[in-house]
2 protein chains.
Amino acid sequence: MNDELAEAREHFIQGMSRISHFWGFPKAMGAIYGAVYLSPEPLSLDDLVAQVGVTKGSVSTNVRTLERLGMVHKRVQLGDRKDYYVAETDFWKVVRGVLREREQNEFAQALNTVQESMEMTDTAVTTPEDAELAQFYQERMQNMQNFFNTLDNLVSTLIALDELRSGTIQRLFNRSTNSSS
Amino acid sequence: MNDELAEAREHFIQGMSRISHFWGFPKAMGAIYGAVYLSPEPLSLDDLVAQVGVTKGSVSTNVRTLERLGMVHKRVQLGDRKDYYVAETDFWKVVRGVLREREQNEFAQALNTVQESMEMTDTAVTTPEDAELAQFYQERMQNMQNFFNTLDNLVSTLIALDELRSGTIQRLFNRSTNSSS
DNA sequence: CGTGACGTTTAGTTCAAACTAAACGTAGTA
DNA sequence: TACTACGTTTAGTTTGAACTAAACGTCACG
């Protein structure tokens, strides 16, 4: 292939790598997505090993994560034992996938921990002089929990709406920018 | 202090620690914020060393980051050389701070890298057989850049609006949830 | 069966980020 | 000027996540 094109691809892949790392994913994962995204043809696992320059094991695990997030899709071809991958090109879907994953994992847990701390404060037997402090704790924790709940609702609402009819986020955005004052 | 209350605080701080780590910040940073957030009084650097259990150096650097993000505020007291810190309790402000930081740093860079890759593809001298591929690259990269631009605009719009009059995000949220159909 | 071409799993290694310990700079105080 | 009480900086260490190399399981086809 053309050297300059290859160089451009290289640069792009490196960029994806950085973005991936920045959002808390493995660098190789971003690089793999970049490679798939810039390929007109579905890529096999070995193709990716060649293009990205990491080992098969790494590609295997990372590509599985990408699939779980809905960032790539597996294509099996008849009479060919290899798995081929194509990129999801609807980035809003990608965002949804990531948000959903994050929401399920640590996000709910965060809510949980605050909830637990509140309950611990609740049931704590306090001396009169600590009662004031306990109430302070209650208020602060309650405020944080309210915020988390709002945020959680916001995210799941957006996901749900956008799944019903794609484009909710865009429309929300347009409403934000176009409406003057 | 009451043991049960202390335990609740401990648990809460640990939770903040996890959240911090999850969002790509040092765990100690979250813990420090948690401690400040649960304190009715401003806390000095040495207070934090005692409460969080990390060294002064770590507190020093992490608390500075927290201040840069607008998550805590420094309070200097007359006739006292110590710095005291209080927590920002408006979480939307906190979100804004984080988004702004992220936007400035890596977010803009991501846009940049894609831009550069596009230009490299642009100026690449292609043989006829590579011309098709080059065009494919162009399209894909352009799509991604459009998305990034949209996202970037969305974020900075939200930040700007919310700064003008706090509560934009909440109202946006309410509009999303309350409007039926 | 046996063999080769796959994807997956695992034990071990690498590496970068966060932390510690301690030196350092500075400003107020006697 | 020396001393103390701070916050900051830095050299070195720790830690955990991501990667590598290689063994493994499996399936198709002879």
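Summary of the structure given here. The model shown is predicted, which means the values in this text are computed figures rather than measured ones.

Analysis parameters
Residues numbered from 1 in each chain as written. Chains lettered and ligands numbered in written order. Predicted model: local features only at pLDDT ≥ 70, side-chain atom pairs only at ≥ 80, totals over all residues. Heavy atoms only, no water. Helix = DSSP H or I, 4+ residues; strand = E, 2+ residues; numbered from the N terminus. Contact = heavy atoms within 4.5 Å. Areas by Shrake-Rupley, 256 points an atom, 1.4 Å probe, with all protein chains shown as cover. Near = heavy atom within 4 Å. Polar contact = N/O pair within 3.5 Å; in protein donor to acceptor, adjacent residues only side chain to side chain. Nonpolar A, V, L, I, M, F, W, Y, C, P; charged D, E, K, R; others polar. Buried < 20%, exposed > 50% of the residue type's maximum accessible area, 1.4 Å probe, protein only. Pairing = 2+ DSSP bridges. Phe/Tyr/Trp six-rings, centres within 6.5 Å; stacked < 30°, edge-to-face > 60°. Least-squares fit on C-alpha atoms with pLDDT ≥ 70 in both. Axes fitted to C-alpha atoms, helices over the stretch in contact; angles between N-to-C directions.

1. Section: the overall build of chain A
For chain A, the count of helices and strands is seven helices and three strands. Starting at the N terminus and walking to the C terminus, you meet the elements of chain A as α-α-β-α-α-β-β-α-α-α. For chain A, restricting intrachain contacts to residue pairs at least 6 apart in sequence, the fraction spanning at least 24 positions comes to 52%. Surface exposure of chain A reaches about 9,600 Å², of which carbon and sulfur atoms provide 49%.

2. Quick look at the protein's contact with DNA strand D
Near DNA strand D you find 19 residues, and of these Ala-28 and Thr-55 of chain A together with Ser-60, Arg-81 and Lys-82 of chain B are the closest. Taking the atoms of DNA strand D that fall within 4 Å of the protein, sugar and phosphate contribute 76% of them. Taking Arg-81 of chain A, its side chain carries an N or O atom lying 3.5 Å from a base oxygen of DNA strand D. One of the side-chain N or O atoms of Lys-56 of chain B is found 3.2 Å from a base nitrogen in DNA strand D. Of all the secondary-structure elements, those providing two or more residues to the surface near DNA strand D are α2 (27–37) and α4 (56–68) of chain A together with α3 (45–52) and α4 (56–68) of chain B. The element that contributes the greatest number of residues to the surface near DNA strand D is α4 of chain B, accounting for five residues. Per-class residue counts for the surface near DNA strand D are four nonpolar, seven polar and eight charged.

3. Focus on the pairing of strand β3 (residues 83–87) of chain B
The side chains of a regular strand alternate, residue by residue, between the two faces of the sheet. Residues and elements named next belong to chain B. Within β3, four of the five residues are buried, leaving the element largely enclosed by the surrounding structure. Strand direction decides the pairing type here: strand β1 (residues 43–44) and β3, joined by two bridges, are antiparallel. Among the inter-strand pairings, Ser-44 is bridged to a residue of β3, identified as Tyr-84. As paired strands, strand β2 (residues 72–76) and β3 are joined by five bridges and run antiparallel to one another. Residue pairing in the sheet places Arg-75 in a bridge with Tyr-84 of β3.

4. Topic: the protein's contact with DNA strand C
Residues in close proximity to DNA strand C total 19 residues, the closest being Ser-60, Arg-81 and Lys-82 of chain A together with Ala-28 and Thr-55 of chain B. Each atom of DNA strand C within 4 Å of the protein was classed as base or backbone; sugar and phosphate made up 71%. Here a phosphate oxygen of DNA strand C and a side-chain polar atom of Ser-60 of chain A are 2.7 Å apart. Contact between DNA strand C and Ala-28 of chain B: a phosphate oxygen at 2.9 Å from a main-chain N or O atom of the residue. At the level of elements, α3 (45–52) and α4 of chain A together with α2 (27–37) and α4 of chain B are the ones that each hand at least two residues to the surface near DNA strand C. Among the elements that take part in the surface near DNA strand C, α4 of chain A stands out by supplying five residues, more than any other.

5. Concerning the packing of aromatic side chains
Throughout the structure, instances matching the rule amount to 14 aromatic pairs over all chains. Ring geometry for Phe-12 of chain A against Tyr-37 of chain A: centres 6.1 Å apart, planes inclined by 20°, an arrangement best described as stacked. In this pair, Phe-12 of chain A is assigned in helix α1 (residues 3–22) and Tyr-37 of chain A in helix α2, connecting sequence segments 25 residues apart. Residue Tyr-37 of chain A is classed as buried on the basis of its relative accessible area of 1%. Pairing Tyr-33 of chain B with Tyr-37 of chain B gives two aromatic rings, centres 5.8 Å apart and planes at 25°, and the pair type is stacked.

6. Some remarks on the relation of the copies chain B and chain A
Once turned by 180° and shifted 0.0 Å along the axis, chain B lies on chain A with an RMSD of 0.2 Å. Here the symmetry operator amounts to a two-fold rotation axis. The rotation axis passes nearest to the C-alpha of Gly-24 of chain B in chain B, at a distance of 3.1 Å. A share of 100% of interface residues in chain B that are also interface residues in chain A marks the association as one of identical surfaces.

7. Focus: the sheet that holds β1 of chain B
Residue and element names in this part refer to chain B. Across the sheet, three strands lie side by side as β1-β3-β2; this open sheet has antiparallel pairing. A single partner strand is all that each edge strand has here, and the edge strands are β1 and β2. Where α2 meets the sheet, it contacts β1, β2 and β3, and its direction lies at approximately 85° from that of β3.

8. Considering the interface of chain B and chain A
By a widespread convention, an interface's size corresponds to the accessible area lost as its parts come together. Of the residues lining the interface, 65 residues belong to chain B; the matching set on chain A comes to 65 residues. Applying the counting criterion to the chain B and chain A interface returns 12 residue pairs in polar contact (both at pLDDT 80 or more). Among the elements of the structure, α1 (3–22), α2, α5 (91–123), α6 (128–164) and α7 (168–178) of chain B are those that each provide at least two residues to the side of chain B that touches chain A. The leading source of residues in the side of chain B that touches chain A is α6 of chain B, at 17 residues. In terms of residue class, the side of chain B that touches chain A is built from 37 nonpolar, 18 polar and 10 charged.

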